[in-house]
Amino acid sequence: MDVKVNDTREFVQVRPHQEGSLEDMWQVRSSCESHQIVALKCSECGLRPGAARVVGGADMPPGRWPWQVSVYQGSQHHCGGSVLAREWIVTAAHCVHRQLQASSWLVFTGIITRASVRQEDGVSVKKIIYHPLYNDHSLDYDIALMKLQVPLNFSDAIRAVCLPPSQQDLFQGTQCWVSGWGYTRPDQVQVTETLKEVLVPLIGTKRCNSSCMYAGELTARMLCAGYLQGKIDACQGDSGGPLVCQDKFAWRLVGIVSWGQGCAEPNHPGVYTNVAQLLPWIYDITEDAAEHMSKFEMDYKHTAKKQP
Ligand code: ARG
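Worth saying up front: this structure is predicted, and the values here are computed from it rather than measured. (Residues numbered from 1 in each chain as written. Predicted model: local features only at pLDDT ≥ 70, side-chain atom pairs only at ≥ 80, totals over all residues. Heavy atoms only, no water.)

(A) Highlighting the environment of Cys45. Along the chain, the position of Cys45 falls in the loop between β2 (26-29) and β3 (54-55). Residue classification places Cys45 among the partly exposed residues on the basis of a relative accessible area of 23%. Beyond its immediate sequence surroundings of up to four residues, Cys45 is in contact with Ala160, Val161, Cys162 and Ala250. (Helix = DSSP H or I, 4+ residues; strand = E, 2+ residues; numbered from the N terminus. Buried < 20%, exposed > 50% of the residue type's maximum accessible area, 1.4 Å probe, protein only. Contact = heavy atoms within 4.5 Å.)

Rendered as structure tokens:
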């Protein structure tokens, strides 16, 4: 059903379904008398055009991970990140919490090779918000949002990733991808020139928290992915970047590169921020509730005045 609304008549009143056609259920209105509003906003995400410190990774064609960004501090690649919407980048709290001054950061989108980066193409950051419960020792709640100074122009190379549903059974063994410019060898302290990607299966938290693995260090805001034999993993410089899994509809940001004991070590897979557990916070910050609210309040006052 496609309901057309415009600037002066921007509400649709919906009635409980009784007899009659679907069209009888709704009426376009210029005000909202009931003051009960449900807002819907469509956005495209998680699709790539027709068409990594990642240890053991491969180079890739452009547009493969169009939501992947490089977060620069000054003139240095510092962390990865993902495009959530035209104005919002999601990254790890541990990447940014020591430097919350927005002007020290730049976000580079639509790139594969860092040599192609011109400083002037970096997008400035308006504000940085990290999760209020972020813990610098345990790395619990390792998530931060960056609001950009100017909205991104989406293209085949720059697109948003979808968020996961809040209730999703993440099955052990689901094959997901992690990507980034992080170290490609645990002993070589240098970020890579070209974006790398690797396939990593999800590992159940119970298993990952067992005594031979992370021995209870994982919280509900964390998840594991990788291999028990090691060799393939994210690493330093990949932090903040995406762990994405594909469902029937789209690519979803299931995890954010967060930490690990070493990189690609046996029995110590990568640990990721469990995005599905943090959705209420993400929606709260990005939904710009304040904007909608002021509009609603204006309307509300307007109708309220008419009443005796
Ligand atoms: N904390 C690292 C960073 O800041 C990421 C470490 C990920 N480690 C791992 N073994 N998967 O870049």
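There is more to say, and it comes next.
(B) Expanded view of the state of the cysteines. Evaluation of the coordinates by the stated rule reveals 5 disulfides. The disulfide partner of Cys176 is Cys245, and the S-S distance across this bridge is 2.1 Å. Every disulfide takes its handedness from the sign of the S-S torsion; for Cys176 and Cys245 that torsion is 100°, giving right-handed. Residue Cys176 is found in strand β10 (residues 175-180), and its partner Cys245 is found in strand β14 (residues 242-246); the two are separated by 69 residues along the sequence. Residue pairing for Cys235: its cysteine sulfur links by disulfide to Cys263, the two sulfurs lying 2.0 Å apart. Negative torsions about the S-S bond denote left-handed disulfides, and the value of about 90° found for Cys235 with Cys263 makes this one right-handed. Remark: Cys263 occurs in the loop between β15 (251-259) and β16 (270-274) and Cys235 occurs in the loop between β13 (233-234) and β14; sequence separation between them is 28 residues. Across the pair, exposure class does not vary: Cys235 and Cys263 are buried alike. Counting its disulfide-bonded cysteines in sequence order, the protein shows a connectivity of 1-4, 2-3, 5-9, 6-7, 8-10. Here Cys212 is not cross-linked by a disulfide; its sulfur's nearest cysteine counterpart is in Cys208, at 9.4 Å. Its relative accessible area of 48% is what places Cys212 among the partly exposed residues. (Disulfide = S-S within 2.5 Å.)

(C) Local environment of unusual backbone geometry. For Ala215, which is not a glycine, the phi torsion comes out positive at approximately 40°. As for its position among the elements, Ala215 is in the loop between α2 (205-208) and β12 (222-225). Even without a glycine there, the phi angle at Ala264 is positive, about 60°. Judged by relative accessible area, Ala264 falls into the buried class, the value being 12%.

(D) Examining the site of the ligand more closely. Lining the immediate surroundings of the ligand are 15 residues, of which His94, Asp233, Gly237, Ser239 and Gly262 lie closest. Taking Ser239, its side chain carries an N or O atom lying 2.4 Å from an oxygen atom of the ligand. Here a nitrogen atom of the ligand and a backbone polar atom of Ser258 are 3.1 Å apart. Burial of the ligand by the protein amounts to 91% of the accessible area it has alone, namely 350 Å². Mapped onto the shell around the ligand, the elements with two or more residues apiece are β13 and β15. The element best represented in the shell around the ligand is β15, accounting for 3 residues. For the shell around the ligand, the class distribution of residues is 5 nonpolar, 8 polar and 2 charged. (Near = heavy atom within 4 Å. Polar contact = N/O pair within 3.5 Å; in protein donor to acceptor, adjacent residues only side chain to side chain. Areas by Shrake-Rupley, 256 points an atom, 1.4 Å probe, with all protein chains shown as cover. Nonpolar A, V, L, I, M, F, W, Y, C, P; charged D, E, K, R; others polar.)

(E) Representation of the packing of aromatic side chains. Counted by the stated rule, this structure contains 6 aromatic pairs. A centroid spacing of 5.0 Å and a plane angle of 65° characterise the contact between Tyr214 and Trp259, whose relative ring orientation is edge-to-face. Residue Tyr214 is located in the loop between α2 and β12, and its partner Trp259 is located in strand β15; the two are separated by 45 residues in the primary sequence. Trp259 sits in the buried class, given a relative accessible area of 17%. Taken together, Trp65, Trp67, Trp177 and Trp251 form an aromatic cluster joined through their ring pairs. Sitting over the face of the ring of Trp177, Arg64 holds its NZ or CZ atom 5.1 Å from the ring centroid. (Phe/Tyr/Trp six-rings, centres within 6.5 Å; stacked < 30°, edge-to-face > 60°. Lys NZ or Arg CZ within 6 Å of the ring centre and 35° of its normal.)

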